[in-house]
Amino acid sequence: MRIGMIMLILLAVPLQACSAEHDEAPSSPPSSPVASVAVSTEPPVTPPPAVPGELARYEFDGAFTTSSHGGKKPEAGIGYGVKAACVGAGNATFNVSGDGAARIVEFTFPCDGVAILNGLGTLPPGSSIQVDAVDVQEVSSAWAVVAPLDALH
């Protein structure tokens, strides 16, 4: 039995030596850590200048909100639309409403900096139109404009 144990020990020693040889770190020098810099990759969202026939506008720059209802009223026979964009995490939801806060449309879109255009069709002539954000909690900046569809293209 002693001879069997001695042989087992002799066999184990070379295995341990081989195993230790492979556990060593590579001989190349360690690389220096790369400094991380926080840089926003979000594209800027710049609202368009005043649009001919504009009925309402909403702008949010992350800290301040500007909402205007141009004083203009929808005209009969004209197709209207809402154009909007935002940047930030997730999505934004806007609501376009008329007199008495009657909802015309509510829409949600991704905040990827790409402007979207939704047709609203004809609106009740002479009504007051407004556009408001329903959900912009994770948004850095956003805007929406309601105007004649032809002027938003």
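Everything in this summary refers to the structure shown in the same document. Every chain begins its residue count from 1, and numbering advances along the sequence as written. pLDDT decides what is reported in this predicted model: residues at 70 or higher carry local features, side-chain atom pairs at 80 or more are listed and counted, and totals for whole chains, interfaces and linings draw on all residues regardless. To get the side-chain values, take all heavy atoms of the structure and skip hydrogens and water.

1. Concerning the nonpolar core
Reasoning step 1: Ala92, Phe94, Val96, Val131, Val139 and Val146 are the most contacted members of the largest nonpolar core, which totals 23 residues.
Reasoning step 2: If one sorts the elements of this core by residue count, strand β3 (residues 79-97) sits on top with seven residues.
Reasoning step 3: If you look at the next biggest cluster of nonpolar residues, it comprises eight residues, including Val51, Ala85, Val87 and Val145. By nonpolar core is meant a set of buried Ala, Val, Leu, Ile, Met, Phe, Trp, Tyr and Cys residues that side-chain atoms within 4.5 Å join together. Note on exposure labels: buried denotes an accessible area under 20% of the residue type's maximum, exposed denotes more than 50%, and partly exposed covers the range between, all computed with a 1.4 Å probe on protein chains only. Going along the chain from the N terminus, every DSSP run of H or I of four or more residues is numbered as a helix, and every run of E of two or more is numbered as a strand.

2. Some points on the state of the cysteines
Reasoning step 1: Only a pair of cysteine sulfur atoms within 2.5 Å counts as a disulfide in this structure description. Across all of its chains, the model carries one disulfide by this definition.
Reasoning step 2: Each sulfur in the disulfide pair Cys86 and Cys111 lies 2.2 Å from the other. On the S-S bond that ties Cys86 to Cys111, the torsion sits near -95°, and the link is left-handed. Residue Cys86 is found in strand β3, and its partner Cys111 is found in strand β4 (residues 103-112); the two are separated by 25 residues along the sequence.
Reasoning step 3: Given a relative accessible area of 8%, Cys111 falls into the buried group.

3. Observations regarding the pairing of strand β7 (residues 139-148)
Remember that side chains alternate between the two faces of the sheet whenever the strand is regular.
Reasoning step 1: Of all the 10 residues making up β7, nine are buried; the element is thus mostly covered by neighbouring parts of the structure.
Reasoning step 2: If DSSP finds at least two bridges between two strands, the strands pair. Where strand β1 (residues 56-60) meets β7, five bridges bridge the pair, whose relative direction is antiparallel. When the sheet's bridge partners are listed, Tyr58 is paired in β7 with Ala144.
Reasoning step 3: Here β3 runs beside β7; their pairing, made up of nine bridges, is antiparallel. Note that in β7 the partner of Lys83 across the bridge is Val145.

4. Details of the pattern of salt bridges
Reasoning step 1: For this analysis, a salt bridge means a side-chain nitrogen from Lys or Arg found within 4 Å of a carboxyl oxygen belonging to Asp or Glu. Tallied over the entire structure, the rule returns three salt bridges.
Reasoning step 2: Across the pair Arg57 and Glu54 runs a salt bridge, and its minimum N-O distance is 2.9 Å.
Reasoning step 3: Glu59 is paired through a salt bridge with Arg57; the nearest N and O atoms lie 2.9 Å apart.
Reasoning step 4: A residue is classified by how much of its surface remains accessible, and Arg57, at 8% relative accessible area, is buried.

5. What to know about the environment of Thr66
Reasoning step 1: Tracing the sequence through the fold places Thr66 in strand β2 (residues 65-68).
Reasoning step 2: Overall, Thr66 belongs to the partly exposed group, its relative accessible area being 47%.
Reasoning step 3: Note on definitions: a residue-residue contact is assigned when non-hydrogen atoms from the two residues lie within 4.5 Å. Aside from chain neighbours lying at most four places away, what touches Thr66 is Arg57, Tyr58 and Glu59.

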